[in-house]
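Each chain, letter by letter, is given below.
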Amino acid sequence: MTVRGRVLQLALRAAGPSKGAPAAKKKKGEAVVIPVVAKELREKATLGANILKTGTDPPILDDSAYPSWVFSLLDKNPALSELERRDPETLEEKEIMRLLKLDNRRRIKENNAIRSKE
C-alpha cells in the first residue's frame, strides 16, 4: 500500500465511528436533537465553566465587578504584516516586541523549510 493510500485509510478510520461504541441509528427524515438552554439560565451563569464534580457554573457578574484588564483580553493583536507596514517610530514597546517575536518565528520557519528540502 502506498503512503498516500495509508494516510487516506487512517483519515477515513478517524472520521468514522469508534469501534467500541455502536453508531447511533437515525431514521429517515429524523432531525438531530440539540439541547436547548433557557435564555434566563444563559444570562445568569457561564455554562460549561464548571470543572468540579460537585460544583456549579460560576455566575455572570456585573461589568463593574471585574477588573479593567479583563476587558483588554478581548483586544486583537495586530498581525506581522500589519506591524511591518506601520512606521517603526510610531510603534509602542509592546508592538515592537511582538514584531520581533513574529519576525523571528517566520525566519525560523523559513530556515527549517529550506533545510528540510536538502
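Basis of the calculations
Residues numbered from 1 in each chain as written. Predicted model: local features only at pLDDT ≥ 70, side-chain atom pairs only at ≥ 80, totals over all residues. Heavy atoms only, no water. UniProt positions renumbered as here; feature names shortened; annotations may be inferred. Helix = DSSP H or I, 4+ residues; strand = E, 2+ residues; numbered from the N terminus. Buried < 20%, exposed > 50% of the residue type's maximum accessible area, 1.4 Å probe, protein only. Contact = heavy atoms within 4.5 Å. Areas by Shrake-Rupley, 256 points an atom, 1.4 Å probe, with all protein chains shown as cover. 1 Å grid on protein atoms, 1.4 Å probe; cavity = no way out; pocket = protein on both sides within 12 Å on 5 of 7 lines; lining within 4 Å. Points joined across faces, edges and corners; volume = space filled by probe spheres on them. Nonpolar A, V, L, I, M, F, W, Y, C, P; charged D, E, K, R; others polar. Expected span 1.5 Å × (residues − 1). Salt bridge = Lys/Arg side-chain N within 4 Å of Asp/Glu carboxyl O. Core = buried A, V, L, I, M, F, W, Y, C linked by side-chain atoms within 4.5 Å.

- Under the annotation held in an unreviewed UniProt entry, the protein carries the name Large ribosomal subunit protein mL54 and is attributed to Riccia sorocarpa.
- In its Sequence similarities (unreviewed entry) section, the UniProt record describing the protein reads: "Belongs to the mitochondrion-specific ribosomal protein mL54 family."
- Annotation of the protein in UniProt includes, under Subcellular location (unreviewed entry), the sentence "Mitochondrion".

Side note on the overall build of the protein
And step 1. Counting secondary structure elements, the protein contains five helices and zero strands.
And step 2. Reading the protein from its N terminus to its C terminus gives the helix and strand order α-α-α-α-α.
And step 3. Residues classed as buried in the protein amount to 7% of the 118 residues present.
And step 4. Residue pairs at least 24 apart in sequence account for 4% of intrachain contacts in the protein once pairs closer than 6 positions are excluded.
And step 5. Here the protein displays about 11,400 Å² of accessible surface, and carbon together with sulfur accounts for 58% of that area.

Here we look at the layout of surface pockets
And step 1. Estimates place the volume of the largest pocket at around 170 Å³.
And step 2. Looking at the largest pocket, the residues that line it are Ser72, Asp75, Lys76, Asn77, Pro78, Glu92, Lys94, Glu95 and Arg98.
And step 3. Looking at which element gives the most residues to the lining of the largest pocket, the answer is helix α5 (residues 93-117), with three residues.
And step 4. Grouping the constituent residues of the lining of the largest pocket by class yields one nonpolar, two polar and six charged.

Thoughts on α5
And step 1. Taking 1.5 Å of rise per residue, 25 residues should cover 36 Å, and α5 covers 37 Å from first to last C-alpha, within 8% of that figure.
And step 2. Each element contacted by the buried residues of α5 is listed here: α4 (80-85).

Some thoughts on the pattern of salt bridges
And step 1. Summed over all chains, the structure comprises six salt bridges.
And step 2. The shortest N-O distance in the salt bridge between Glu84 and Arg106 comes to 3.8 Å. Note that Glu84 is positioned in helix α4 and Arg106 in helix α5, a separation of 22 residues in sequence.
And step 3. Looking at Glu84, the relative accessible area reads 45%, which means it is partly exposed.
And step 4. According to the relative accessible area criterion, Arg106 is partly exposed, its value standing at 32%.
And step 5. Residues joined in a network through salt bridges with shared partners are Glu84, Asp103, Arg106, Arg107 and Glu110.

Some points on the nonpolar core
And step 1. Ranked by size, the top nonpolar core spans five residues in total: Leu80, Leu83, Leu91, Leu99 and Leu102.
And step 2. Elements supplying a minimum of two residues to this core: α4 and α5.
And step 3. Apart from residues lying up to four places away in sequence, Leu83 is in contact with Pro78, Leu91, Glu95, Arg98 and Leu99.

Describing the side chain of Glu95
And step 1. Summarising the element assignment, Glu95 is placed in helix α5.
And step 2. A relative accessible area of 14% places Glu95 in the buried class.
And step 3. Apart from the residues lying within four places of it in its own chain, the contact partners of Glu95 are Leu83 and Arg86.

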